[in-house]
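Residues per chain are reported as follows:
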Amino acid sequence: MNILEITNLKKVYGEHTALQDINLTIPQGTIFGLLGPNGAGKTTLIRIINQIIDGDSGQVFFKGEKLSPKHIAQIGYLPEERGLYKKMEVWDQLIYFARLKGMPLAEAKTKVDFWLHKLDIQAWRKKKIEDLSKGMAQKIQFIATVIHEPELLILDEPFSGFDPVNAELIKNEILELREKGITVVLSTHRMESVELLCDHIAMIHQSKLVLSGSLQEVKKQFRKKIFKVSLEPYAPLHLKEDCQLISQGQINTLHIPLRHLNPNELLSEMILLGEIQEFSEIIPTMEEIFIQQIKNHSDE
Amino acid sequence: MNKVFLVIQREYLARVKKKSFLLATILTPLIFPTIMGLFLWIAVGEEKGEALRIVEVVDENNLFFLESRDQYAFSFSNLSIEEGKKQVQSGERYGFLYIPKLNLESPSGIIYYAANNPSMSFISSIESGLKRRVEELRMHAAGIDPEVLEAYRTSVSIQAITLNNSGEEKMTDATINYGIGFFTGILIYIFIFAYGNQVMQGVIEEKSSRIIEILVSSIKPFELMLGKIIGIGAVGLTQFLIWIFLIAGVSTIVLGYFGMQMPQQTAMEMANPEMMDLVNMDSDFPHILAVIMEINFIQIALTFVFYFIGGYLLYGSFFAAIGAAVDTPSDAQQFVLPITIPLLIAYFGLFAFVLVDPTSNVSFWLSVIPLTSPIAMMGRASYGVPFFDLALSMSLLIIGFLMTTWIAAKIYKIGILMHGSKVTYKTLWKWIRMG
């Protein structure tokens with residue numbers, strides 16, 4: 001089941017096209033990475049999903065229904081540029097955000113209690129945000145995003161601005177939320193967190209969708225069919241031109257393209273040359289795919 | 001709509017809970033009496049504390065006499081002008097009044113020399129003293145005894161009564177109407193500015209602290225704007241209610257202290273015609289009370305509340321739009337100016353036209369055009385406004401407020417998500433057309 005289905009979405013600001021023919025499906029219960037350089041159109045897409053702005057054409061479906069104000073209660077949003085009322089107390093503030101999302105007062109109170117307890121910060125409930133440290137305020141900010149128990153959580157650059165301790169905390173919370181079946185859309189530049197967290201990704205560049213699919217599929221699509229082989233040679237090696245010697249010594253490490261062979265055939269050839277220590281395919285990192293995609297599509 | 005109520009509640013409580021609200025609410029009604037008391041105290045202290053001011057008078061006619069009073073004393077002599085001036089220059093005398101030989105039919109050439117610019121009241125008191133003496137002399141010359149004339153001097157005052165087509169009579173007094181119009185008009189002017197500004201600051205706060213994007217993912221920008229304007233307006237109404245109770249309470253205590261009955265009670269008695277006959281009509285006090293009784297306070301109060309709210313809503317949405325368009329309060333100044341202008345026009349129009357002649361053409365237009373009517377109409381309301389004028393003005397105000405809110409909402413909706421871009425009138429116009 002897909003929690004979001006986006007078809008032919010388009011948005012133009014004056015002369016500038018922010019989104020063009022975006023077709024995207026986000027499966028329920030996954031962590032979905034939304035990638036792309038600054039100004040690519042990510043924030044515009046996120047704002048449309050949050051119904052802050054409207055698309056010019058195309059449609060967005062939430063669990064098969066056309067996106068409408070009643071879905072606001074089921075979406076949680078942590079914007080890249082975020083803040084809280086400085087003069088408002090933690091408790092009042094969280095209750096306010098929960099109720100704005102449509103949660104009844106009694107339930108909101110239980111939830112706020114639950115989260116303050118969970119993050120072990122009950123002592124702050126009567127404190128004003130301006131009296132909290134930045135890290136403390138970040139925790140409150142995160143609670144404010146998830147307090148109404150949304151089915152879809154949209155986090156725009158969640159790790160920027162958070163200190164490493166809080167970033168770790170949020171990472172764990174994200175994983176925990178996925179366990180509960182909540183879908184998380186993660187917009188970020190940080191490719192290492194994409195590799196670590198995301199099940200699916202989509203990449204937007206210059207207002208167009210240039211890539212989408214499950215993380216594994218995407219990586220498979222970009223593999224160069226090069227294998228890394230470490231072996232203790234029986235005799236000095238005579239390498240073909242397209243092979244690369246990475247390190248030499250008692251153990252030699254080589255990068256060998258697959259060419260017309262399949263991996264098993266390559267392995268059986270290698271076995272004849274020495275004692276195999278390691279045999280693995282070189283999978284491109286998301287970072288490499290990201291940079292390569294930007295280069296490719298910028299040339300167009 | 002439920003969410004609008006949440007925003008109203010937050011905006012209201014966030015302000016009412018503050019200590020500064022309590023302080024402002026309690027202290028503001030005390031500020032004006034305090035300032036007046038302070039001036040009075042200084043003035044009294046000044047008169048007591050200062051040395052006697054001696055003014056040298058040279059009267060070439062030997063006809064005039066000026067009585068010393070307050071801190072002024074007059075010494076008469078036959079010095080020359082030059083000598084008199086020297087006395088002022090050397091500080092020996094506070095001032096020097098020179099009265100040349102006068103033609104009593106058209107006296108001129110009287111000069112007063114002093115180191116300091118003399119006050120208006122001082123000059124006019126000397127003038128009236130001299131004038132009285134000249135008149136006396138001229139009457140003597142014409143064979144009229146001034147005392148006889150004084151005996152015939154009579155005071156006449158006109159009792160103004162308005163008469164409507166059903167024959168109902170009402171006592172009126174322009175001074176009281178003026179006072180009410182003046183007071184309520186200024187109150188609305190201050191309210192629009194003070195609370196409109198709070199709306200603007202509130203929007204800027206939400207925008208600059210970046211709460212706004214979280215808010216608009218939960219609630220429509222229009223609902224958010226409306227909730228903020230209504231919530232802050234409710235704070236203002238609360239403040240005024242407290243003031244009314246405070247003033248009523250204080251006046252009860254003060255009047256009680258002076259051994260007087262509450263004016264309302266006296267007025268109630270006055271309303272009884274039989275009682276009225278018993279009261280000495282020459283005294284001003286019962287007359288004023290009778291006039292106050294005749295004023296339709298409920299109507300004025302309702303009119304006041306309507307224009308108070310209407311005017312605030314009309315301008316409040318403009319203030320919200322400005323707050324949304326800019327990043328910092330200092331950027332807001334250039335946009336606040338144009339909405340200050342109609343308010344100032346209304347404010348000066350109230351004094352220059354409406355209170356002076358509530359039925360003139362200018363007064364009519366000022367009290368009908370929505371941008372000026374909230375202030376200007378209050379100047380007319382206390383005199384009584386024809387039903388047609390009131391209905392027209394109120395409907396136009398409602399239409400005006402719906403229109404400004406509609407325009408402001410468009411600017412607001414786009415502005416709140418724009419950061420760091422320089423906003424000009426051209427951009428605002430673009431946003432209005434886009435929205």
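For every chain, the first residue of the written sequence is number 1, and numbering continues from 1 along that sequence. Here every chain gets a letter starting at A, and every ligand a number starting at 1, in the order they are written. Only residues with pLDDT of at least 70 are given local features in this predicted model, and only at 80 or more are side-chain atom pairs given and counted; all residues enter the totals for whole chains, interfaces and linings. Computation of side-chain values covers all heavy atoms of the structure but excludes hydrogens and water.

Visitor: Give a detailed account of the overall build of chain A, specifying residues and quantitative values.
Guide: Only runs of H or I of at least four residues qualify as helices and only runs of E of at least two qualify as strands under DSSP, and these elements are numbered from the N terminus. Counting its secondary structure elements, chain A contains nine helices and 14 strands. Taking 300 residues into account, the globule formula puts the C-alpha radius of gyration at 19 Å, and chain A, at 24 Å, lies well above it. Partly exposed describes any residue whose relative accessible area lies between the buried limit of under 20% and the exposed limit of over 50%, with all areas from a 1.4 Å probe on protein chains only and scaled to the type maximum. The buried share of chain A, reckoned over its 300 residues, is 48%. Throughout, a residue-residue contact means that at least one pair of heavy atoms, one from each residue, lies within 4.5 Å. Counting only contacts in chain A whose residues sit at least 6 apart along the sequence, the fraction spanning at least 24 positions is 68%. The Shrake-Rupley method, run with a 1.4 Å probe, gives the accessible areas here. Residue values count only the displayed protein chains as cover. For chain A, the computed accessible surface area is about 14600 Å², with 50% contributed by carbon and sulfur atoms. Charge counting follows a simple rule: Lys and Arg are positive, Asp and Glu are negative, and His as well as the terminal groups are ignored. Each charge is placed at NZ for Lys, CZ for Arg, CG for Asp and CD for Glu. Side chains of chain A give 35 positive and 40 negative charges; the mean places of these two sets differ by 6 Å. In this setup the radius of gyration rests on C-alpha atoms only. A globule is expected at 2.2 Å times the number of residues raised to 0.38.

Visitor: Can you lay out the environment of Ile432 of chain B for me, pointing to particular residues and giving the numbers?
Guide: All names here are of chain B. Looking at where Ile432 falls in the secondary structure, it is placed in helix 17 (residues 425-434). Put simply, Ile432 and Ile414 are 18 residues apart on the chain and 9.0 Å apart in space, counted from C-alpha to C-alpha. The residues contacting Ile432, other than those within four sequence positions of it, are Ile407, Lys410 and Ile411.

Visitor: For the sheet that holds strand 13 (residues 252-257) of chain A, give the residues involved together with the corresponding values.
Guide: All names here are of chain A. If you walk across this open sheet you meet the four strands as 12-13-11-14, and the pairing is antiparallel. Single-partner strands in this sheet number two, and they are strand 12 (244-247) and strand 14 (274-281). Here the average twist between neighbouring strands, direction ignored, is 25°. Pairing between strands is defined by DSSP: at least two bridges between the two strands are required. In the sheet, strand 11 (residues 226-233) pairs with strand 13 via six bridges, with the strands oriented antiparallel. The residue bridging Lys228 from the neighbouring strand is His255, located in strand 13. Angles here are taken between N-to-C directions and fall from 0 to 180 degrees, while the axes themselves are lines fitted to C-alpha atoms, restricted in helices to the stretch in contact. Contacts between helix 8 (residues 263-271) and the sheet are confined to strand 11, strand 13 and strand 14, with strand 14 contributing the most and set at about 155° to the helix.

Visitor: Now, about the UniProt feature "domain: ABC transporter" (unreviewed entry) in chain A: what can you tell me, with residues and values included?
Guide: Feature annotation in UniProt assigns "domain: ABC transporter" (unreviewed entry) to the following positions: residues 4-231 of chain A. Helix makes up 33% of residues 4-231 of chain A and strand 30%, and the two end C-alpha atoms of the span are 48 Å apart. UniProt positions are given in the numbering used here, feature names are shortened, and annotations may be inferred rather than shown by experiment.

Visitor: So what's going on with the packing of helix 12 (residues 297-325) of chain B against helix 13 (residues 329-354) of chain B? Residues and values would help.
Guide: Residue and element names in this part refer to chain B. One can describe the packing of helix 12 onto helix 13 by two numbers: an axis separation of 10 Å at closest approach and a directional angle of 165°. For the element pair helix 12 / helix 13, the angle class is roughly antiparallel. The chirality of how helix 12 crosses helix 13 is right-handed. Every residue of helix 13 that contacts helix 12 at Tyr315, Phe318, Phe319 and Ile322 is listed here: Ala332, Phe335, Val336, Ile339, Pro342 and Leu343. Geometric relationships in this document are graded by angle, where less than 35 degrees denotes roughly parallel, more than 145 denotes roughly antiparallel, 65 to 115 denotes roughly perpendicular, and other angles denote oblique. Helix crossings are classified by the rotation of the near helix relative to the far one: an anticlockwise turn of less than a right angle makes the crossing left-handed, while a clockwise turn makes it right-handed.

Visitor: Describe the packing of helix 2 (residues 90-100) of chain A against helix 1 (residues 2-16) of chain B, with residues and values.
Guide: Remark: helix 2 of chain A packs on helix 1 of chain B, axes separated minimally by 10 Å, with the N-to-C direction vectors making an angle of 160°. The angle between the axes of helix 2 of chain A and helix 1 of chain B places the two elements in the roughly antiparallel class. Judged by the twist between their axes, the crossing of helix 2 of chain A over helix 1 of chain B is left-handed. Listed contacts from helix 1 of chain B to Tyr96, Arg99 and Leu100 of chain A of helix 2 of chain A are Lys3, Leu6, Val7, Gln9 and Arg10 of chain B. Note on residue classes: Ala, Val, Leu, Ile, Met, Phe, Trp, Tyr, Cys and Pro are nonpolar, Asp, Glu, Lys and Arg are charged, and everything else, Gly too, is polar. For the contact of helix 2 of chain A with helix 1 of chain B, a count of residues per class yields four nonpolar, one polar and three charged.

Visitor: Requested: an account of helix 3 (residues 105-118) of chain A, with residues and values cited.
Guide: All names here are of chain A. For helix 3, built from 14 residues, the straight-helix expectation of 20 Å at 1.5 Å per residue is met to within 8% by its first-to-last C-alpha distance of 20 Å. All buried positions along helix 3 are accounted for by Ala108, Lys111, Val112, Trp115 and Leu116. Down the axis of helix 3, the buried side of the element spans an arc of 130°, and every buried residue falls inside it. Turned more than 90 degrees away from the buried face of helix 3, the exposed residues are Ala106, Thr110 and His117. Buried-residue contacts for helix 3 involve helix 2, helix 4 (134-146) and helix 5 (164-179). Positive backbone phi, at 55°, marks Asp120, one or two positions downstream of helix 3. To estimate how far a helix should reach, multiply one less than its number of residues by 1.5 Å. Note that the arc is computed from the directions linking the helix axis to the C-beta atoms.

Visitor: Please provide a residue-by-residue account of the interface of chain A and chain B, values included.
Guide: In this complex, chain A contributes 23 residues to the contact, which on the side of chain B involves 19 residues. Buried area: the accessible surface (1.4 Å probe) lost by two parts on joining, summed over both. When chain A packs against chain B, the two sides together hide about 2200 Å² of surface, and 61% of this comes from carbon and sulfur. For this analysis, a salt bridge means a side-chain nitrogen from Lys or Arg found within 4 Å of a carboxyl oxygen belonging to Asp or Glu. Summed over the shared surface of chain A and chain B, the number is three salt bridges. Measuring nitrogen to oxygen at the nearest pair gives 3.3 Å for the salt bridge that ties Arg210 of chain B to Glu81 of chain A. We call two N or O atoms a polar contact when they sit within 3.5 Å, provided that within protein one can donate a hydrogen and the other can accept it, with sequence-adjacent residues counted only if both atoms are side-chain atoms. Between the two partners, chain A and chain B, sit seven residue pairs in polar contact (both at pLDDT 80 or more). Elements represented by at least two residues in the side of chain A that touches chain B include exactly helix 1 (42-49) and helix 2 of chain A. Sort the elements by how many residues they give to the side of chain A that touches chain B and helix 2 of chain A lands first, with five residues.

Visitor: Could you give an account of the domain arrangement of chain A, naming the residues involved and the relevant values?
Guide: Residue ranges assigned to the domains are those given by an automatic or database domain assignment. What the domain assignment reports for chain A is domain 1 (2-220) and domain 2 (224-281). The distance between the C-alpha centroids of domain 1 of chain A and domain 2 of chain A comes to 45 Å.

Visitor: So what about unusual backbone geometry? Which residues, and what values?
Guide: Phi angles above zero are rare outside glycine, and Glu157 of chain A is one such case at about 50°. Mapped onto the secondary structure, Glu157 of chain A falls in the loop between strand 7 (152-156) and helix 5. Positive phi values are uncommon outside glycine, yet Arg210 of chain B reaches one of about 65°. Its place among the elements puts Arg210 of chain B in the loop between helix 6 (174-208) and helix 7 (212-216).

Visitor: Any details on the packing of aromatic side chains? Residues and values, ideally.
Guide: The pairing test for Phe, Tyr and Trp rings, Trp by its six-membered ring, is centres within 6.5 Å, and the orientation test on the planes gives stacked under 30 degrees, edge-to-face over 60, and tilted for anything in between. Taken as a whole and judged by the stated rule, the model has 26 aromatic pairs over all chains. Note on Phe335 of chain B and Tyr425 of chain B: the rings are 5.0 Å apart at their centroids and 75° apart in plane angle, and the pair reads as edge-to-face. Of this pair, Phe335 of chain B sits in helix 13 while Tyr425 of chain B sits in helix 17, placing them 90 residues apart in sequence. Phe335 of chain B sits in the buried class, given a relative accessible area of 4%. Taken together through their ring pairs, the aromatic side chains of Tyr178, Phe182, Tyr189, Phe193, Tyr347, Phe348 and Phe351 of chain B make up a single cluster. Charges are assigned to positions over rings by a cutoff of 6 Å between ring centre and Lys NZ or Arg CZ, combined with an angular limit of 35 degrees from the ring normal. One residue, Lys111 of chain A, lies across the ring of Phe114 of chain A, its end atom 5.9 Å from the ring centre.

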